[in-house]
Amino acid sequence: MDYRDYPQTVVEDIVRLRRRLDSGNVPPRRTDHNFILGTWNIRSLGGYHDEWGENPGSPKRNLRGLALIAEVIRRFDVVAIQEVRRETSALRLLTERFLAPHWSVMMSDVTVGDKGKERLAYLYDTRRVKPSGLAGEIVLPPTDDGDPQEQFDRTPYLVGFVAGEERFALLTAHIRYGKDISDRVSELRKLAHYTAREIRDRSRYANAEEANLIVLGDFNTDRDAENDLFEVFLEEGLWVPRELRNIKTTTGQEAKHYDQIAWFRDAMTLNPTGRAGVVDFAGAVFQELTLGQMTYRVSDHYPLWAEFSTDRSNEAIASVLGVDPDSPDPFGDVLD
């Protein structure tokens, strides 16, 4: 849509939001140089109110909220979305009206049962990122004794992508919250074990689709005196970049660290640039509402992002010249 079609209040929100995005140092997207990966739990992304103004009978997300969500997503090349509901009208409108024409979506089916009721999705800019053809939902194998395992409340969703010459697989999940923090340990441990043993080990095979696996989403990795869920998340070898450790990922006064982006460093051929962060939009948008009211229009979680390099030119040149591309001046001796 043309910004000239937006109400002035929405444009003012967008200006403040862009200042937040810029101050958060989200890097520009540069063709043949990088791709920006995001993850975002967008609160109850299901239906919407088809007006720019408020629905007096419901806090349902309106066009203003979707426009602001789109403004954030445009800073990324591919973003994993958690908490998509059975109804997908808001997700479809976000893709087809606010992000079109270059964006597309892939999503899982709803996990059946009383504990699920959610989809997982990926939004991606088709000019910069394309699906590789790999897609699937994670089903845990039987135990060594042949007994079936309890499956995830919300089945994790794996999709492969290609950016430039780089291939990678994204595995997104929304881990069980539970009445008590200890309720989350079982699913976290299963996810860590599965990704380490069933996926990372496959990367040792030539041309494996899962060679570059990035795990991202809402893992509810909070901690208390008895349960350090962040350490449970990492116990099988997943690694979270320093820039994303101990940052607040939800709105509100109390710091929560639920959302993560992680990978196995010993199995990665992708090059992270070392730039990553969070987009804190609280107070920049819907300023006339309370923080709690705003979360139903945008979200109660902040998006996380990480940058990866797609520029392998130095490596290619170094290979031809027989020098180390990681040395301080790899081409100095050749050019002198």
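Draft legend 1. A look at the overall build of the chain. Helices and strands together make up the secondary structure of the chain, namely 8 helices and 11 strands. For a compact globule of 336 residues, the expected C-alpha radius of gyration is about 20 Å, and the chain comes in at 21 Å, within 12% of that figure. Considering only C-alpha atoms, the chain reaches an extent of 70 × 60 × 40 Å along its principal axes. Counting across all 336 residues of the chain, residues that qualify as buried make up 52%. Carbon and sulfur atoms provide 46% of the accessible area of the chain, an area that totals close to 15700 Å².

Draft legend 2. Region of interest: the pattern of salt bridges. The tally for this structure, following the rule as stated, stands at 29 salt bridges. For E71, the salt bridge goes to R18, with nearest N and O atoms at 2.6 Å. Of this pair, E71 sits in helix α2 (residues 63–73) while R18 sits in helix α1 (residues 8–23), placing them 53 residues apart in sequence. You can call E71 buried: its relative accessible area is 5%. Of the residues examined, R18 reaches a relative accessible area of 35% and is grouped as partly exposed.

Draft legend 3. A look at the packing of α1 against α2. Two elements in contact, α1 and α2, have axes separated by 10 Å at closest approach and are oriented at 25°. Accordingly, the angle class assigned to the pair α1 and α2 is roughly parallel. Our pair here, α1 against α2, has a crossing hand that is right-handed. Contacts between α1 and α2 involve T9, V10, D13, I14, L17, R18 and L21 from the first element and R64, A67, L68, E71 and V72 from the second. Of the residues in the contact of α1 with α2, the class split is 7 nonpolar, 1 polar and 4 charged.

Draft legend 4. Representation of the pairing of strand β4 (residues 119–125). Burial within β4 is extensive, with 7 of its 7 residues counted as buried. Bridging between strand β2 (residues 78–84) and β4 involves 5 bridges; their strand directions are antiparallel. From the neighbouring strand, V79 faces β4, where its bridge partner is L123. When strand β3 (residues 103–107) meets β4, the two strands line up antiparallel, connected through 5 bridges. Looking across to β4, one finds that M106 is bridged to Y122.

Draft legend 5. Layout of unusual backbone geometry. At the junction of A100 and P101, the peptide bond is cis and its omega measures out at 10° in the coordinates. Within the element layout of this structure, P101 appears in the loop between α3 (89–98) and β3. Here D32, not a glycine, exhibits a phi torsion of approximately 70°, which is positive. A residue is classified by how much of its surface remains accessible, and D32, at 57% relative accessible area, is exposed. Located in the positive-phi region is N220, a residue other than glycine, with phi close to 50°. Checked against the element boundaries, N220 lands in the loop between β8 (213–218) and α5 (229–234). By relative accessible area, which is 2% here, N220 ends up buried.

Draft legend 6. Summary view of the nonpolar core. Counting 55 residues, the largest nonpolar core has L37, F161, L170, I214, F233, I261 and F308 as its most contacted members. Broken down by element, this core gets its largest block of residues, 6 residues, from helix α4 (residues 185–199). The contacts of I214, once residues within four sequence positions are left out, are L37, A169, L170, L171, I261, A262, W263, M268, L270 and F308. Membership of the second largest hydrophobic core comes to 44 residues, among which are I14, L45, A90 and F286.

Draft legend 7. Fine view of the side chain of E71. In this structure the side chain of E71 is engaged in a polar contact, spanning 2.6 Å, whose partner is the side chain of Y3. The residues touching E71, leaving out its near neighbours within four places in the chain, are Y3, I14, L17, R18 and L21.

Draft legend 8. How the structure looks around the sheet that holds strand β11 (residues 304–309). One open sheet accounts for 6 strands, arranged β3-β4-β2-β1-β11-β10; its pairing is mixed. Two strands close off the open sheet at either side, each with one partner strand: β3 and β10 (271–278). Strand-to-strand, the axes of this sheet are offset by a mean angle of 20°, without reference to chain direction. Bridge analysis of strand β1 (residues 34–45) against β2 gives 6 bridges, and the strand direction is parallel. Bridging across to β2, T39 finds its partner in A80. With respect to the sheet, α2 is in contact with β1, β2, β3 and β4, its orientation differing from that of β1 by roughly 155°. α3 contacts β1, β2, β3 and β4 of the sheet and is inclined by roughly 155° relative to β3.

Draft legend 9. Region of interest: the environment of T195. Looking at the secondary structure, you find T195 in helix α4. Spatially, the C-alpha atom of T195 lies 9.5 Å from that of G237, the residues being 42 residues apart in sequence. With sequence-adjacent residues up to four places away left out, T195 is seen in contact with L171, R200, L213, V215, L238 and F264. Among the polar contacts made by the side chain of T195, one reaches the main-chain carbonyl oxygen of A192 at a distance of 3.1 Å.

Parameters and conventions
As a convention, each chain's residues are numbered from 1 in the sequence order in which they are written. Local features are withheld for residues below a pLDDT of 70 in this predicted model, meaning they are given only at 70 or higher, and side-chain atom pairs are given and counted only at 80 or more; totals for whole chains, interfaces and linings count all residues. The side-chain values count all of the structure's non-hydrogen atoms but skip hydrogen atoms and water molecules. Secondary structure elements are taken from DSSP: a helix is a run of H or I of four residues or more, a strand is a run of E of two residues or more, and numbering for both begins at the N terminus. Each radius of gyration reported is based on C-alpha atoms, and the globular scaling rule is 2.2 Å times the count of residues to the power 0.38. To sort residues, take the accessible area from a 1.4 Å probe on protein chains only and compare it with the maximum for the residue type: under 20% means buried, over 50% means exposed, and anything in between is partly exposed. Note on areas: these come from Shrake-Rupley sampling with a 1.4 Å probe, and a residue is covered only by the protein chains present in the view. In the sections that follow, a salt bridge refers to a side-chain nitrogen of Lys or Arg positioned within 4 Å of a carboxyl oxygen of Asp or Glu. To get an axis, a line is fitted to the C-alpha atoms, and for a helix only the part in contact is used. The angle between two axes follows their N-to-C directions and goes from 0 to 180 degrees. By definition in this entry, angles of less than 35 degrees are roughly parallel, angles greater than 145 are roughly antiparallel, angles of 65 to 115 are roughly perpendicular, and the rest are oblique. Throughout, a crossing is termed right-handed when the near helix is turned clockwise from the far one, and left-handed when it is turned anticlockwise from it by less than a right angle. Contacts: residue pairs with any heavy atoms within 4.5 Å of one another. Gly is placed with the polar residues, together with every amino acid not listed as nonpolar (Ala, Val, Leu, Ile, Met, Phe, Trp, Tyr, Cys and Pro) or charged (Asp, Glu, Lys and Arg). When DSSP locates at least two bridges between a pair of strands, those strands are taken to pair. The nonpolar core is taken to be a set of buried Ala, Val, Leu, Ile, Met, Phe, Trp, Tyr and Cys residues, with the residues joined through side-chain atoms within 4.5 Å. The term polar contact refers here to a pair of N or O atoms within 3.5 Å; inside protein, the definition further demands a hydrogen-donor-capable atom paired with an acceptor-capable atom, and it admits residues adjacent in sequence only when both atoms are side-chain atoms.

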